Amino acid sequence: MSDSESPVVETIPLLKNVREMLNEEKWTRATLSNYSTSQFKELDAILNEAKQGRLFDDLKKDCDEHLSHTKNSIIALYLSGMVALSRQIIDDSAMINLVTIFVDNHKWGIVKYLCERILDYGESKFALRTLIDCCKNDNSDEVNLYGIWERLVKVDYEEADLAKALAEYYEKQNNTETAVDYYKKALHRYTNKALFANVREIWEKLLLYCPEDIDFFILVQKKIAKNISEDKAVILLKDLYASCKDSDVETAIGILKIVLEYDEKDVQSRREIVECFRKKYADHSQLEEYIRVSNLTQNYRDVHEALTDFEKHIAFDKGNFVFHRTWGVGRIASIEGDDIVIDFARKRGHSMSLKMAVGALQTLPKDHIWVLKATWKKEKLYEKVKGDCVWTLKTVIKSFGNSCDFKRIKAELCPGVLSEREWTSWSGKARDILKSDPSFGVSPDNIDLYTVRERPISVAEKLYNEFKAQRNFFDRAATIRAYANQKDAEIDTDYFAEMFSYFTGFLRSSNQTGEQAVASYLLIKELAAKYPHLGTGLSLNFADIFSGITNVSVLFKNLKDSKSREEFLRHVQLFIPNWAEIYVELFPYALAPSIIVQLEKEKYTEKLSAMCAACFENFRDNREAVLWMFKNAATTEWFKAVNIPFEKQIIILIHILDLSYRDIENQRDTSENRKINKQVYTILFKEGCLYSFVDTADEDTITRIFTFINAVKDLDPQDKLNLKSRIQDKHPDYKFFVDVEKKVFRGLMVTKAMYEEKQKQLVHIMEVDVPANSKEIEAALLHGDLSENAEYKAAKERQEQLNSQVARLKEDIERAQLFDPATVTTARVSFGTTALLRNETKDRQEEYTILGPWESAPEHNIISYLSPFGSAILNRTEGERFDFQSDGEKNLYVVERISAAVI
């Protein structure tokens, strides 16, 4: 029951009292000096009474109406504003106006009370900032003030100065951990504001307190390069380099590479990176030679080319591993001058020039998965992979440049190490680890690529990286939703702030009625229901947004995730007066049972009946809606009230089947039409709706139905023949006036066993043969000149063969229609029957089982119904004679017996 449905005897006293108070306030022109906190406590009592009496809606309506002509009514502003807060309505303008009135008149006691009442319903930036002003005016103690600062910094993602002040406060208290946390917040926020002087000051502070947090500094410098300039990022990176060059040479090299990406002419950084390489590879026998041949110290050569050249060469040293396309993994036995000797398992002591080796061989670290496969006993590797999922994932991902998708992980482990069955259980565990373990992250450029983190990543940063890697708006919405719905979600982090600002940006754009803006509004309201401060400052309301939507149906179709659609429908019902008409308009696109449920609940049966009649009348444009109602609503009173004859319903389904076939052939909305085609085919044939209807139909109806079915050009002729056989079985005296075509058709009848076998073949090619071929191509590319690379050409030819096989199998599987043995009829020769024939020309018996081209085995007398002889005997009855000519020889046959085949 809604508020407005409460008994009149309960609603009159309270609402009448409030109206009298509002009029008294208006006519007596009560001054602000007459107000104290006690008056607001009396209003709180009225709010409690309204809540218990379920009168909030009526109370707010009266107050809002009063405010339309008396905008500064204290009573109306308070009551309306508090109802809005309790209902978690985003618009908090009433309370903001009220507080502002008392601030302007320096009534700080009342201001404090009002702000605390606002905060009873969740954090509010406005209320907290105003409380800070209150503390300054009543000389509150410092601890209380800092507490309010902390609350404000958590909810105001743009507040940088207070974050810095809190950091300095905790720094003085020797609470370094908390100080660092606030310094990081301030750094992010000053970066967003492009205030470099503040950024550098805090950057230097953090280098003193947490120089080991390299990932944080690298993330921030990227934002600085983007928001401020690359030159400023270089300044900070050089400070970072100076702090770690003596303790972590690997990190120092990584920092210098970033600097050189920003400024390739930076001579000092080029010198520094050479010195870092000398330190890192001090024990390498060819270090100085490789520096020389790569021209790394020569400023005339492009620094990036020189670095790539050097790192290719430096990987070649005695004892290191390499990979060759033909000979597999090998180990460098010696390097002397330009000669390198490598021991491969199948070619020991192989010699080649260093130049050739650099071009033809891939260097491998000793913990590369290929090295482990080559050097470990199979049993040892199996036990390690099976028992240590984290180690295995790290090993495989690091083996491929610390960027690897799940398909690659499978290709390396299955079937070489794990069987298909073992992989199934192992991969489920692996996916959970990749999702939850802080040692793993995703590439910021590709959500499918996993990385290994040298330093554990927080859940907040992990989800933030996933968010950044997503390119689709609705995928990003799902990610922030997952972030906010975690237990103990840290929504005060700057990671969350950046994600959240992505969506608020759509509401600040000029187009606030597009699907992304609407979805953003719904998402922010959803998050604000759990974290009210997220909705502060958002003045938009759904009714205003909805009024600007030009085509509701198109917008709804463009809401690509179920949660956005669900929230849109809920808001339409809550805030749009003619919601029922909107629901009826949207149902053909939404197909949401909740729409039907709500319309039934509110007794809109006439609208439902009208919608049903319109959908069946315009079935071409409402195919999915017709199918939904046929399957789910046929027994409802509103469906029955339309009184659509069942024959007409069946004919409409046949028309939809025909339309979907045509659209598939014309490549129009192919995936959607395949789905519709499958649904209607299932209803008519697999579920037997068509068969049961013709069983009891009269001859005129059968003629109409069969004529329509026979006219569906792309329907499998076997289905037409099966229907014809069914009619002949149930109506022996019925005479057909149309012939069923016996052409090669688009559908392909198959047995379940062969269908599953073809699916297994496709999976094996896609998951085993194709990845193996990809590795062959990668390895062949290392051989250099492709024009004379026989291995590369062979691998590419194999790739074309595999692609052809995959395409053919996918097409056949897509066309396949599973044969149901329960539907076989022995009245005629058909798929799934065995026919005993007498060859009268040769005076002998011949027995044939009729199946499909996948099952065909002529040597065992199993023939395809698509073969010339199979087509000739198809649909024959016992005792029927026919002749068949093959290779110039004509034979006369008679069908002696038809039985169900054993499949």
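Quantities reported herein were computed from a predicted structural model and do not represent experimental measurements.

Here is what the cut-offs are and how they apply
Residues numbered from 1 in each chain as written. Predicted model: local features only at pLDDT ≥ 70, side-chain atom pairs only at ≥ 80, totals over all residues. Heavy atoms only, no water. Helix = DSSP H or I, 4+ residues; strand = E, 2+ residues; numbered from the N terminus. Rg over C-alpha atoms; globule rule 2.2 N^0.38 Å. Contact = heavy atoms within 4.5 Å. Areas by Shrake-Rupley, 256 points an atom, 1.4 Å probe, with all protein chains shown as cover. Lys, Arg positive; Asp, Glu negative; His and termini not counted. Charge placed at Lys NZ, Arg CZ, Asp CG, Glu CD. Patch = residues over 30% accessible without salt bridge, like charges linked within 9 Å, V, L, I, M, F, W, Y side chains within 5 Å. Salt bridge = Lys/Arg side-chain N within 4 Å of Asp/Glu carboxyl O. Buried < 20%, exposed > 50% of the residue type's maximum accessible area, 1.4 Å probe, protein only. Axes fitted to C-alpha atoms, helices over the stretch in contact; angles between N-to-C directions. Parallel < 35°, antiparallel > 145°, perpendicular 65-115°, else oblique. Left-handed = near helix turned anticlockwise from the far one by under 90°. Nonpolar A, V, L, I, M, F, W, Y, C, P; charged D, E, K, R; others polar. Pairing = 2+ DSSP bridges. Polar contact = N/O pair within 3.5 Å; in protein donor to acceptor, adjacent residues only side chain to side chain. Expected span 1.5 Å × (residues − 1). Disulfide = S-S within 2.5 Å. Phe/Tyr/Trp six-rings, centres within 6.5 Å; stacked < 30°, edge-to-face > 60°. Lys NZ or Arg CZ within 6 Å of the ring centre and 35° of its normal. pLDDT = per-residue confidence, 0-100.

## As for the overall build of the chain
Line of reasoning, step 1. On a plain count of helices and strands, the chain comes out with 43 helices and 14 strands.
Line of reasoning, step 2. The C-alpha atoms of the chain give a radius of gyration of 38 Å, which is well past the 29 Å a tight globule of 903 residues would have.
Line of reasoning, step 3. C-alpha atoms of the chain, sized along the principal axes, occupy 120 × 100 × 45 Å.
Line of reasoning, step 4. Within the chain, contacts between residues at least 6 apart in sequence are counted, and of these 58% link residues at least 24 apart.
Line of reasoning, step 5. Here the chain has roughly 45400 Å² of accessible surface; of this, 48% comes from carbon and sulfur atoms.
Line of reasoning, step 6. Counting 124 positive and 143 negative side-chain charges, the chain places the centres of these two groups 2 Å from one another.

## Comments concerning a negative patch on the surface
Line of reasoning, step 1. Taken together, the side chains of E230, D231, E261, D263 and E264 make up a negatively charged region of the molecular surface.
Line of reasoning, step 2. Of note, E261 is situated in helix α14 (residues 249-262).
Line of reasoning, step 3. The class of E261 is exposed, set by a relative accessible area of 58%.

## A few points about the packing of helix α38 (residues 689-696) against helix α40 (residues 717-730)
Line of reasoning, step 1. α40 packs onto α38 with a crossing angle of 30° between their chain directions and a minimal axis gap of 9 Å. Taken together, the axes of α38 and α40 lie roughly parallel to each other. Every pair of crossing elements has a handedness; the one defined by α38 and α40 is right-handed. Mapping the contact onto sequence places L690, Y691, V694 and D695 in α38 and N722, L723, R726, I727 and K730 in α40.
Line of reasoning, step 2. Residues that form the contact of α38 with α40 fall into these classes: five nonpolar, one polar and three charged.

## Here we look at the pairing of strand β1 (residues 321-324)
Line of reasoning, step 1. Residues F321 and F323 of β1 are buried on one face, and the alternating residues V322 and H324, pointing to the opposite face, are buried as well.
Line of reasoning, step 2. By the bridge criterion, four bridges tie β1 to strand β2 (residues 328-336) in an arrangement that is antiparallel. Counterpart to F321 in the pairing with β2 is R331.
Line of reasoning, step 3. Taking the residues between adjacent antiparallel strands as the criterion, β1 and β2 are bridged by three residues.

## Let's talk about the side chain of R623
Line of reasoning, step 1. Checked against the element boundaries, R623 lands in helix α34 (residues 623-632).
Line of reasoning, step 2. Accessibility expressed as a relative area gives 14% for R623, which makes it buried.
Line of reasoning, step 3. At a separation of 3.0 Å, a polar atom in the side chain of R623 contacts the main-chain carbonyl oxygen of R620.
Line of reasoning, step 4. Those residues in contact with R623 that lie beyond four places of it in its chain are I656, L659, S660, D663, N673 and I676.

## Quick notes on the sheet that holds strand β14 (residues 889-900)
Line of reasoning, step 1. If you trace the five strands from one edge of the open sheet to the other, you get β12-β11-β10-β14-β13, paired in mixed fashion. Both outer strands of the open sheet, β12 (862-864) and β13 (881-886), are each paired with one neighbouring strand and no more. Neighbour-to-neighbour, the strand axes of the sheet open up by a mean angle of 45°, direction not taken into account.
Line of reasoning, step 2. Pairing of strand β10 (residues 833-839) with β14, which is carried by seven bridges, proceeds in the antiparallel orientation. Residue pairing across strands places T833 opposite A900, the latter belonging to β14.

## Description of the packing of helix α36 (residues 646-665) against helix α39 (residues 699-710)
Line of reasoning, step 1. Relative orientation of the contacting elements α36 and α39 amounts to 10°, with a least axis distance of 10 Å. If you check the angle between α36 and α39, you find them roughly parallel. Contact with α36, carried on its side by E647, I650, I651, I654 and H655, involves T701, R704, I705, F708 and I709 of α39 and no other residues of that element.
Line of reasoning, step 2. Here the contact of α36 with α39 is built from residues that sort into six nonpolar, two polar and two charged.

## Focus: α36
Line of reasoning, step 1. Over its 20 residues, α36 runs 29 Å from end to end, which matches the ideal 28 Å to within 8%, given 1.5 Å per residue.
Line of reasoning, step 2. Taken across its 20 residues, α36 has 15 buried, putting it largely inside the fold.
Line of reasoning, step 3. Two residues or fewer after α36 comes Q667, characterised by a positive phi angle close to 55°.

## Comments concerning the state of the cysteines
Line of reasoning, step 1. For the structure shown, the criterion picks out zero disulfides.
Line of reasoning, step 2. You can see C134 has no disulfide; the closest cysteine sulfur is in C115, sitting 5.5 Å from it.
Line of reasoning, step 3. Just so you know, C404 is unpaired, no disulfide at all, and the nearest cysteine sulfur is the one on C389, 13 Å from it.

## Side note on the packing of aromatic side chains
Line of reasoning, step 1. As enumerated under the stated definition, the model contains 52 aromatic pairs in all.
Line of reasoning, step 2. Taken together, a centroid distance of 6.0 Å and an interplanar angle of 5° make the contact between Y170 and Y182 stacked. Within this pair, whereas Y170 is found in helix α9 (residues 161-172), its partner Y182 is found in helix α10 (residues 176-193), the two being separated by twelve residues in sequence. Y182 carries the same exposure label as Y170, and that label is buried.
Line of reasoning, step 3. Between F882 and Y893, the aromatic rings sit 5.4 Å apart at their centres with planes inclined by 15°, giving stacked as the arrangement. Taken together, the residues F882 in strand β13 and Y893 in strand β14 connect sequence positions eleven residues apart. The same class applies to F882 as to Y893, namely buried.
Line of reasoning, step 4. The structure contains a cluster of three or more aromatic residues connected by ring pairs, namely F467, F473, F474, Y502, F503 and F506.
Line of reasoning, step 5. The side chain of R431 reaches across the aromatic face of F406, ending 3.9 Å from its centre.

## Considering the confidence of the model for the chain
Interpreting fine coordinate detail is not advised for predicted regions of low pLDDT.
Line of reasoning, step 1. In the predicted model, the chain carries a mean pLDDT of 86, and 94% of its residues have values of at least 70.
Line of reasoning, step 2. When the criterion is pLDDT under 50, residues 1-11 qualifies, and its contacts beyond four places in sequence or with other chains add up to 16 contacts.
Line of reasoning, step 3. In this model, residues 741-745 is a region of pLDDT below 50 whose contacts with residues beyond four sequence positions or in other chains number eleven contacts.

## Structural notes on unusual backbone geometry
Line of reasoning, step 1. The step from C414 to P415 runs through a cis peptide bond, and the omega angle for that step is 10°.
Line of reasoning, step 2. Along the chain, P415 turns up in the loop between α22 (406-413) and α23 (420-436).
Line of reasoning, step 3. Positive phi, normally seen in glycine, also occurs at L591, with a value near 50°.
Line of reasoning, step 4. Mapped onto the elements of the fold, L591 is located in the loop between α31 (579-590) and α32 (593-601).

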